[in-house]
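# Commentary on secondary and tertiary structure
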Amino acid sequence: MKVIITKDYESMSEKAYEEVRAVIAENPAAVLGLATGTTPLGLYRRMADDCGRGGISYKKIRTVNLDEYAGLGADSDQSYVYFMRKNLFDHLDILPENTFIANGKAEDLEAECARYNALLEGMRQDIQVLGIGSNGHIAFNEPGTPFSSTVHVVDLAESTIRDNARLFAREEDVPRKAITMGLKNIMRAKKILILANGANKARAVCGLVKGEVTEAVPASVLQLHPDCTLICDRDAAAMI
Ligand code: PGA
(Lines give C-alpha, C1' and ligand atoms only; values in the text may rest on other atoms or scores of the structure.)
Protein backbone atom coordinates (compact mmCIF):
# COMPACT_ATOMS: atom_id res chain seq x y z
CA MET A 1 0.00 0.00 0.00
CA LYS A 2 1.26 3.45 -0.85
CA VAL A 3 1.02 5.83 2.14
CA ILE A 4 0.98 9.63 1.84
CA ILE A 5 0.99 11.62 5.09
CA THR A 6 -0.06 15.25 4.83
CA LYS A 7 0.16 18.10 7.31
CA ASP A 8 -3.57 18.65 7.61
CA TYR A 9 -7.05 17.93 6.26
CA GLU A 10 -6.86 20.47 3.42
CA SER A 11 -3.63 19.05 2.02
CA MET A 12 -5.05 15.52 2.35
CA SER A 13 -8.04 16.67 0.27
CA GLU A 14 -5.78 18.38 -2.27
CA LYS A 15 -3.70 15.22 -2.76
CA ALA A 16 -6.88 13.16 -3.06
CA TYR A 17 -8.16 15.50 -5.74
CA GLU A 18 -4.90 15.11 -7.69
CA GLU A 19 -5.46 11.33 -7.73
CA VAL A 20 -9.09 11.59 -8.85
CA ARG A 21 -8.29 14.22 -11.47
CA ALA A 22 -5.55 12.00 -12.93
CA VAL A 23 -8.00 9.11 -13.33
CA ILE A 24 -10.53 11.33 -15.12
CA ALA A 25 -7.85 12.96 -17.29
CA GLU A 26 -6.87 9.49 -18.49
CA ASN A 27 -10.45 8.30 -18.97
CA PRO A 28 -13.18 10.99 -19.24
CA ALA A 29 -15.78 8.17 -19.09
CA ALA A 30 -14.38 6.66 -15.88
CA VAL A 31 -16.50 4.98 -13.21
CA LEU A 32 -15.91 6.67 -9.85
CA GLY A 33 -16.73 4.78 -6.66
CA LEU A 34 -17.74 7.39 -4.08
CA ALA A 35 -18.16 7.53 -0.32
CA THR A 36 -20.20 9.65 2.07
CA GLY A 37 -19.12 10.92 5.49
CA THR A 38 -17.22 14.00 6.53
CA THR A 39 -13.81 12.77 5.31
CA PRO A 40 -14.31 13.22 1.53
CA LEU A 41 -16.01 16.64 1.77
CA GLY A 42 -12.78 18.54 1.03
CA LEU A 43 -12.22 16.36 -2.04
CA TYR A 44 -15.79 16.91 -3.23
CA ARG A 45 -15.46 20.68 -2.77
CA ARG A 46 -12.39 20.64 -5.01
CA MET A 47 -14.17 18.54 -7.65
CA ALA A 48 -17.14 20.94 -7.58
CA ASP A 49 -14.98 24.10 -7.68
CA ASP A 50 -12.86 22.88 -10.58
CA CYS A 51 -15.87 21.73 -12.61
CA GLY A 52 -17.65 25.03 -11.86
CA ARG A 53 -14.65 26.94 -13.21
CA GLY A 54 -14.91 25.00 -16.47
CA GLY A 55 -12.14 22.52 -15.59
CA ILE A 56 -12.81 18.77 -15.51
CA SER A 57 -16.13 17.73 -17.07
CA TYR A 58 -18.24 14.87 -15.67
CA LYS A 59 -20.58 14.59 -18.66
CA LYS A 60 -19.42 11.06 -19.43
CA ILE A 61 -18.56 10.02 -15.86
CA ARG A 62 -20.60 7.42 -13.99
CA THR A 63 -20.56 7.09 -10.21
CA VAL A 64 -21.44 4.29 -7.82
CA ASN A 65 -21.85 4.89 -4.10
CA LEU A 66 -20.82 2.58 -1.32
CA ASP A 67 -23.90 2.48 0.84
CA GLU A 68 -27.26 3.88 1.95
CA TYR A 69 -29.30 3.75 5.14
CA ALA A 70 -32.27 1.39 5.06
CA GLY A 71 -35.53 3.31 5.08
CA LEU A 72 -34.08 6.63 3.85
CA GLY A 73 -34.39 8.11 0.37
CA ALA A 74 -33.87 11.39 -1.49
CA ASP A 75 -36.68 13.05 0.51
CA SER A 76 -34.66 12.69 3.73
CA ASP A 77 -31.77 15.06 4.37
CA GLN A 78 -30.02 12.28 6.34
CA SER A 79 -29.93 9.92 3.37
CA TYR A 80 -26.75 9.37 1.45
CA VAL A 81 -28.44 10.08 -1.87
CA TYR A 82 -29.35 13.53 -0.49
CA PHE A 83 -25.79 13.98 0.83
CA MET A 84 -24.28 13.19 -2.56
CA ARG A 85 -26.57 15.58 -4.43
CA LYS A 86 -26.05 18.43 -1.99
CA ASN A 87 -22.30 18.03 -1.57
CA LEU A 88 -21.29 16.97 -5.06
CA PHE A 89 -23.66 16.05 -7.87
CA ASP A 90 -25.62 19.34 -7.86
CA HIS A 91 -22.33 21.17 -8.47
CA LEU A 92 -21.07 19.02 -11.35
CA ASP A 93 -22.16 18.72 -14.97
CA ILE A 94 -22.78 15.00 -14.33
CA LEU A 95 -25.99 13.45 -15.69
CA PRO A 96 -28.22 12.42 -12.78
CA GLU A 97 -28.97 9.12 -14.53
CA ASN A 98 -25.26 8.28 -14.37
CA THR A 99 -25.14 8.43 -10.56
CA PHE A 100 -25.94 5.13 -8.88
CA ILE A 101 -26.68 4.41 -5.24
CA ALA A 102 -28.62 1.61 -3.56
CA ASN A 103 -32.27 2.46 -2.87
CA GLY A 104 -32.69 2.46 0.90
CA LYS A 105 -36.45 2.76 0.49
CA ALA A 106 -36.83 -0.41 -1.57
CA GLU A 107 -39.65 -2.55 -0.20
CA ASP A 108 -37.58 -5.71 -0.62
CA LEU A 109 -34.07 -4.87 0.59
CA GLU A 110 -32.65 -8.27 -0.39
CA ALA A 111 -33.90 -7.82 -3.96
CA GLU A 112 -32.38 -4.33 -3.97
CA CYS A 113 -29.03 -5.80 -2.88
CA ALA A 114 -29.16 -8.28 -5.77
CA ARG A 115 -30.06 -5.49 -8.23
CA TYR A 116 -27.24 -3.22 -7.03
CA ASN A 117 -24.75 -6.08 -7.03
CA ALA A 118 -25.59 -6.94 -10.64
CA LEU A 119 -25.18 -3.28 -11.56
CA LEU A 120 -21.72 -3.18 -9.95
CA GLU A 121 -20.68 -6.31 -11.76
CA GLY A 122 -21.38 -4.50 -15.02
CA MET A 123 -19.36 -1.36 -14.19
CA ARG A 124 -16.04 -1.84 -12.44
CA GLN A 125 -14.80 1.23 -10.56
CA ASP A 126 -11.73 2.88 -12.12
CA ILE A 127 -11.13 4.42 -8.71
CA GLN A 128 -12.90 3.79 -5.41
CA VAL A 129 -12.75 6.52 -2.76
CA LEU A 130 -13.06 5.30 0.83
CA GLY A 131 -13.15 6.70 4.34
CA ILE A 132 -12.51 4.49 7.35
CA GLY A 133 -14.58 4.03 10.50
CA SER A 134 -12.96 4.33 13.93
CA ASN A 135 -13.63 0.58 14.27
CA GLY A 136 -11.84 -0.19 10.98
CA HIS A 137 -14.95 -0.51 8.84
CA ILE A 138 -15.00 0.46 5.16
CA ALA A 139 -18.38 1.35 3.71
CA PHE A 140 -20.71 -0.31 6.27
CA ASN A 141 -18.68 -3.49 6.40
CA GLU A 142 -18.40 -3.82 10.15
CA PRO A 143 -15.78 -5.97 11.94
CA GLY A 144 -16.40 -9.65 11.21
CA THR A 145 -17.72 -9.11 7.66
CA PRO A 146 -16.36 -11.84 5.33
CA PHE A 147 -13.84 -10.66 2.75
CA SER A 148 -15.98 -12.53 0.18
CA SER A 149 -19.06 -10.37 0.90
CA THR A 150 -21.01 -8.71 -1.92
CA VAL A 151 -23.82 -6.14 -1.59
CA HIS A 152 -25.77 -6.92 1.59
CA VAL A 153 -27.98 -5.57 4.35
CA VAL A 154 -26.11 -4.86 7.57
CA ASP A 155 -26.99 -4.22 11.20
CA LEU A 156 -24.83 -1.23 12.09
CA ALA A 157 -22.33 -1.67 14.93
CA GLU A 158 -23.03 0.26 18.14
CA SER A 159 -19.79 2.23 17.60
CA THR A 160 -20.94 3.27 14.11
CA ILE A 161 -24.31 4.39 15.44
CA ARG A 162 -22.51 6.45 18.09
CA ASP A 163 -20.05 7.92 15.55
CA ASN A 164 -22.85 8.87 13.15
CA ALA A 165 -25.21 10.22 15.83
CA ARG A 166 -23.52 13.64 15.46
CA LEU A 167 -25.24 13.98 12.10
CA PHE A 168 -28.73 13.31 13.48
CA ALA A 169 -30.88 15.23 15.96
CA ARG A 170 -30.85 12.28 18.38
CA GLU A 171 -28.92 8.99 18.56
CA GLU A 172 -32.26 7.13 18.39
CA ASP A 173 -32.78 8.64 14.92
CA VAL A 174 -29.75 6.88 13.39
CA PRO A 175 -31.07 4.00 11.27
CA ARG A 176 -30.00 0.59 12.58
CA LYS A 177 -29.68 -1.03 9.15
CA ALA A 178 -28.07 -0.14 5.85
CA ILE A 179 -27.34 -1.55 2.41
CA THR A 180 -23.64 -1.67 1.67
CA MET A 181 -21.24 -2.78 -1.03
CA GLY A 182 -19.41 -5.83 0.27
CA LEU A 183 -15.65 -6.09 0.59
CA LYS A 184 -15.47 -8.06 -2.64
CA ASN A 185 -17.23 -5.26 -4.55
CA ILE A 186 -14.74 -2.75 -3.14
CA MET A 187 -11.70 -4.91 -3.90
CA ARG A 188 -12.79 -5.18 -7.56
CA ALA A 189 -11.95 -1.50 -8.10
CA LYS A 190 -8.94 -0.95 -10.32
CA LYS A 191 -7.56 1.62 -7.90
CA ILE A 192 -8.43 2.39 -4.28
CA LEU A 193 -7.95 5.70 -2.50
CA ILE A 194 -8.58 5.59 1.24
CA LEU A 195 -8.63 8.85 3.20
CA ALA A 196 -8.37 9.40 6.94
CA ASN A 197 -7.97 12.44 9.15
CA GLY A 198 -8.07 13.07 12.86
CA ALA A 199 -6.71 11.33 15.95
CA ASN A 200 -9.86 9.20 16.36
CA LYS A 201 -8.83 7.32 13.19
CA ALA A 202 -5.24 6.56 14.30
CA ARG A 203 -5.93 3.07 15.64
CA ALA A 204 -7.99 2.06 12.59
CA VAL A 205 -5.27 3.42 10.26
CA CYS A 206 -2.67 1.36 12.13
CA GLY A 207 -4.79 -1.78 11.57
CA LEU A 208 -5.26 -0.83 7.93
CA VAL A 209 -1.55 -0.37 7.20
CA LYS A 210 0.33 -2.69 9.50
CA GLY A 211 -2.10 -4.89 11.36
CA GLU A 212 -2.84 -8.52 10.62
CA VAL A 213 -5.04 -9.04 7.56
CA THR A 214 -8.16 -10.14 9.39
CA GLU A 215 -11.91 -9.88 9.05
CA ALA A 216 -11.88 -8.35 12.55
CA VAL A 217 -10.47 -5.20 10.86
CA PRO A 218 -12.29 -4.96 7.53
CA ALA A 219 -9.97 -2.26 6.13
CA SER A 220 -6.99 -4.63 6.50
CA VAL A 221 -8.21 -6.46 3.36
CA LEU A 222 -6.85 -3.47 1.40
CA GLN A 223 -3.31 -4.72 2.09
CA LEU A 224 -4.16 -7.38 -0.52
CA HIS A 225 -5.14 -4.84 -3.20
CA PRO A 226 -2.52 -4.27 -5.94
CA ASP A 227 -3.15 -0.49 -6.26
CA CYS A 228 -4.24 1.06 -2.98
CA THR A 229 -3.17 4.50 -1.73
CA LEU A 230 -3.80 5.81 1.78
CA ILE A 231 -3.75 9.59 2.17
CA CYS A 232 -3.99 10.70 5.78
CA ASP A 233 -3.14 13.66 7.94
CA ARG A 234 -0.52 13.54 10.72
CA ASP A 235 -3.06 12.92 13.46
CA ALA A 236 -4.50 9.86 11.73
CA ALA A 237 -0.95 8.64 11.01
CA ALA A 238 0.15 8.89 14.65
CA MET A 239 0.40 5.10 15.14
CA ILE A 240 2.02 4.03 11.86
P1 PGA B 1 -16.41 9.88 8.37
O2 PGA B 1 -16.88 8.37 8.23
O3 PGA B 1 -15.81 10.24 7.06
O4 PGA B 1 -17.65 10.64 8.66
O5 PGA B 1 -15.41 9.91 9.48
C6 PGA B 1 -16.00 7.43 7.69
C7 PGA B 1 -16.60 6.05 7.78
O8 PGA B 1 -17.33 5.75 8.74
O9 PGA B 1 -16.33 5.23 6.88
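Residues numbered from 1 in each chain as written. Predicted model: local features only at pLDDT ≥ 70, side-chain atom pairs only at ≥ 80, totals over all residues. Heavy atoms only, no water.

### Remarks on the sheet that holds strand E7 (residues 152–155)
- Taken together, the 3 strands give an open sheet; going across it, the order is E4-E8-E7, and neighbouring strands pair in antiparallel fashion. Because the sheet does not close on itself, it has two edges, and the strands there are strand E4 (67–69) and E7. Neighbour-to-neighbour, the strand axes of the sheet open up by a mean angle of 25°, direction not taken into account.
- Sitting on the sheet, helix H4 (residues 109–121) is in contact with E7 and strand E8 (177–180), with an inclination near 125° to E7. (Pairing = 2+ DSSP bridges. Helix = DSSP H or I, 4+ residues; strand = E, 2+ residues; numbered from the N terminus. Axes fitted to C-alpha atoms, helices over the stretch in contact; angles between N-to-C directions. Contact = heavy atoms within 4.5 Å.)

### Examining the site of the ligand
- Taken together, the residues surrounding the ligand are Gly37, Thr38, Thr39, Gly131, Ile132, Gly133, His137, Arg166 and Lys201.
- Between the ligand and the protein, one listed contact pairs an oxygen atom with a backbone N or O atom of Thr38 at 3.0 Å.
- At a separation of 2.7 Å, an oxygen atom of the ligand approaches a polar side-chain atom of His137.
- About the coverage of the ligand: the protein hides 83% of its 280 Å² of free accessible area.
- Of the pockets mapped on this structure, the ligand occupies the largest pocket.
- Classifying every residue of the shell around the ligand gives 1 nonpolar, 6 polar and 2 charged. (Near = heavy atom within 4 Å. Polar contact = N/O pair within 3.5 Å; in protein donor to acceptor, adjacent residues only side chain to side chain. Areas by Shrake-Rupley, 256 points an atom, 1.4 Å probe, with all protein chains shown as cover. 1 Å grid on protein atoms, 1.4 Å probe; cavity = no way out; pocket = protein on both sides within 12 Å on 5 of 7 lines; lining within 4 Å. Sits in = over half its atoms within 2 Å of the grid points. Nonpolar A, V, L, I, M, F, W, Y, C, P; charged D, E, K, R; others polar.)

### Some words on the packing of aromatic side chains
- By the definition in use, this model includes 4 aromatic pairs.
- Where Tyr69 meets Tyr80, the ring centres are 4.8 Å apart and the plane angle is 40°; that geometry is what we call tilted. Taken together, the residues span a long stretch of sequence, with Tyr69 in strand E4 and Tyr80 in helix H3 (residues 80–87) at a distance of 11 residues. Exposure class is identical for Tyr69 and Tyr80. Each is buried.
- For the pair Tyr69 and Phe168, a centre-to-centre distance of 5.7 Å together with 75° between the ring planes defines the contact as edge-to-face. Remark: Phe168 occurs in the loop between helix H5 (158–164) and E8 and Tyr69 occurs in strand E4; sequence separation between them is 99 residues. (Phe/Tyr/Trp six-rings, centres within 6.5 Å; stacked < 30°, edge-to-face > 60°. Buried < 20%, exposed > 50% of the residue type's maximum accessible area, 1.4 Å probe, protein only.)

### So, H4
- The terminal C-alpha atoms of H4 lie 18 Å apart, and with 13 residues this matches the ideal 18 Å at 1.5 Å per residue to within 8%.
- Here H4 has its buried residues at Glu112, Cys113, Tyr116, Asn117 and Leu120. Summarising the axial view, the buried residues of H4 lie within an arc of 135°, below the 170-degree limit, and thus occupy one face.
- Put simply, Asp108 is the residue that caps the front of H4, since its side-chain oxygen is 3.1 Å from the backbone nitrogen of Glu110. (Expected span 1.5 Å × (residues − 1). Arc of directions from axis to C-beta.)

### Notes on the sheet that holds strand E9 (residues 192–196)
- Pairing is parallel across the open sheet formed by 7 strands, whose spatial order is E1-E10-E9-E6-E2-E3-E5. Both outer strands of the open sheet, strand E1 (2–6) and strand E5 (99–100), are each paired with one neighbouring strand and no more.
- Across 2 bridges, strand E3 (residues 62–65) lies against E5 in parallel orientation. Within E5, the residue paired with Thr63 across the bridge is Thr99.
- Seen against the sheet, H4 touches E3 and E5 and runs at an angle of roughly 140° to E3.

### Remarks on the pattern of salt bridges
- Here the structure, examined in full by the defined rule, presents 12 salt bridges.
- The shortest N-O distance in the salt bridge between Glu14 and Arg46 comes to 2.7 Å. On the criterion of sequence distance, the pair formed by Glu14 in helix H1 (residues 9–26) and Arg46 in helix H2 (residues 41–52) is long-range, its members being 32 residues apart.
- Note on Glu14: relative accessible area 34%, which makes it partly exposed.
- Owing to a relative accessible area of 16%, Arg46 belongs among the buried residues under this scheme.
- We note a salt bridge from Asp155 to Lys177, for which the minimum N-O separation is 2.7 Å. Linking Asp155 in strand E7 with Lys177 in strand E8, this pair joins segments that are 22 residues apart in sequence. (Salt bridge = Lys/Arg side-chain N within 4 Å of Asp/Glu carboxyl O.)

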